[in-house]
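Listed here are the chains, written in short residue letters.
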Amino acid sequence: MRFRHRPKRPYFQRKESDVQRGIVQALSYAGWIVMHIPNQSTRGRQRWSGLMPGAPDLVAVKHGRVVFLEVKTVRGRVSEKQSEVHDLLRLHGMEVRVVRGADDIMDLVQL
């Protein structure tokens, strides 16, 4: 039997991109402006182009509120560099969250 579409992965096996897609869709539907920070390649010149190792995956903005979101799978861990950047952002008064699914953003969606 061949599947035309891939069957859904169990919750604990979801890829980070699947989790991120769901978070972006939920926040966008709730009126948030959501932007992805592409920071995968951070060697040499690219760092001086504004890329920052450890920067959160998403930035969400609504009515003057700014929230940085680090997307992780259920089993994903925050790296040391990511933790340092999160602390730096918090030092500057920013809200930073590690989110693993829609349950972690319910308060933002219900605003």
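What you are looking at is a predicted structure, and each value in this text was computed from that prediction instead of being measured.

Peer 1: What is the right way to look at the pattern of salt bridges in this model?
Peer 2: Where side chains of opposite charge bring their charged atoms close, a pairing between them can arise. On inspection of all chains with the given rule, the structure shows 7 salt bridges. Among the salt bridges present, the one from Arg-97 reaches Glu-95, with a minimum N-O distance of 3.0 Å. It is possible to trace a salt-bridge network through shared partners that takes in Arg-65, Glu-95, Arg-97 and Asp-107.

Peer 1: Explain the nonpolar core here, please?
Peer 2: The tendency in soluble globular proteins is for nonpolar side chains to be buried side by side. Judged by nonpolar contacts, the single largest core of 13 residues is most densely connected at Ile-23, Leu-27, Trp-32 and Leu-69. Those elements that provide at least two residues to this core are α1 (16-29), β2 (58-62) and β3 (65-71). If we skip the residues at most four places from it in the chain, Ile-23 touches Leu-58, Leu-69, Val-71, Val-99, Gly-101 and Ile-105.

Peer 1: I tried to follow helix α2 (residues 80-91) on my own but got confused; where do I start?
Peer 2: In an α-helix, one full turn covers 3.6 residues, which means residues spaced three or four apart are oriented alike. Between its first and last C-alpha, α2 extends 17 Å over 12 residues, near the 16 Å set by a 1.5 Å rise per residue. All buried positions along α2 are accounted for by Gln-82, Val-85, His-86 and Leu-89. What you see down the axis of α2 is that its buried residues fit within an arc of 100°, all on one side. In this structure, α2 carries Glu-80 and Leu-91 as exposed residues pointing more than 90 degrees from its buried face. Buried residues in α2 make contact with β3 and β4 (95-99). Trailing α2 by a residue or two, Gly-93 shows a phi angle of about 85°, which is positive.

Peer 1: Would you explain the side chain of Gln-20 in this entry?
Peer 2: With respect to the helices and strands, Gln-20 occurs in helix α1. Given a relative accessible area of 16%, Gln-20 falls into the buried group. In this view, Gln-20 contacts His-36, Asp-57, Leu-58 and Val-71; residues no more than four positions away in its chain are not counted.

Peer 1: Please explain the environment of Glu-16 as it appears in this structure.
Peer 2: Relative to the assigned elements, Glu-16 resides in helix α1. By relative accessible area, Glu-16 is classed as partly exposed at 30%. Considered as a pair, Glu-16 and Thr-73 are 57 residues apart in the sequence and their alpha carbons are 5.3 Å apart. With sequence-adjacent residues up to four places away left out, Glu-16 is seen in contact with Asp-57, Val-71, Lys-72 and Thr-73.

Rules and cut-offs
- Per-chain numbering applies: the sequence of each chain, read as written, is numbered from 1 onward.
- In keeping with the predicted nature of the model, local features appear solely for residues at pLDDT of at least 70, side-chain atom pairs appear and are counted solely at 80 or more, and the whole-chain, interface and lining totals rest on all residues.
- Hydrogens and water are ignored here; the side-chain numbers use all heavy atoms of the structure.
- Here, a salt bridge means any side-chain nitrogen of Lys or Arg that lies within 4 Å of a carboxyl oxygen of Asp or Glu.
- Throughout this description, the term nonpolar core refers to a set of buried Ala, Val, Leu, Ile, Met, Phe, Trp, Tyr and Cys residues connected via side-chain atoms within 4.5 Å.
- Between buried and exposed lies partly exposed: a residue is buried under 20% and exposed over 50% of the maximum accessible area for its type, with that area taken using a 1.4 Å probe on protein chains only.
- To qualify as a helix, a DSSP run of H or I must reach at least 4 residues; to qualify as a strand, a run of E must reach at least 2; elements of each kind are numbered from the N terminus.
- Note on definitions: a residue-residue contact is assigned when non-hydrogen atoms from the two residues lie within 4.5 Å.
- Under the convention used throughout, the expected extent of a helix is 1.5 Å for every residue step, that is, one less than its residue count.
- Working definition: the arc comes from the directions between the helix axis and the C-beta atoms, pointing outward to the latter.

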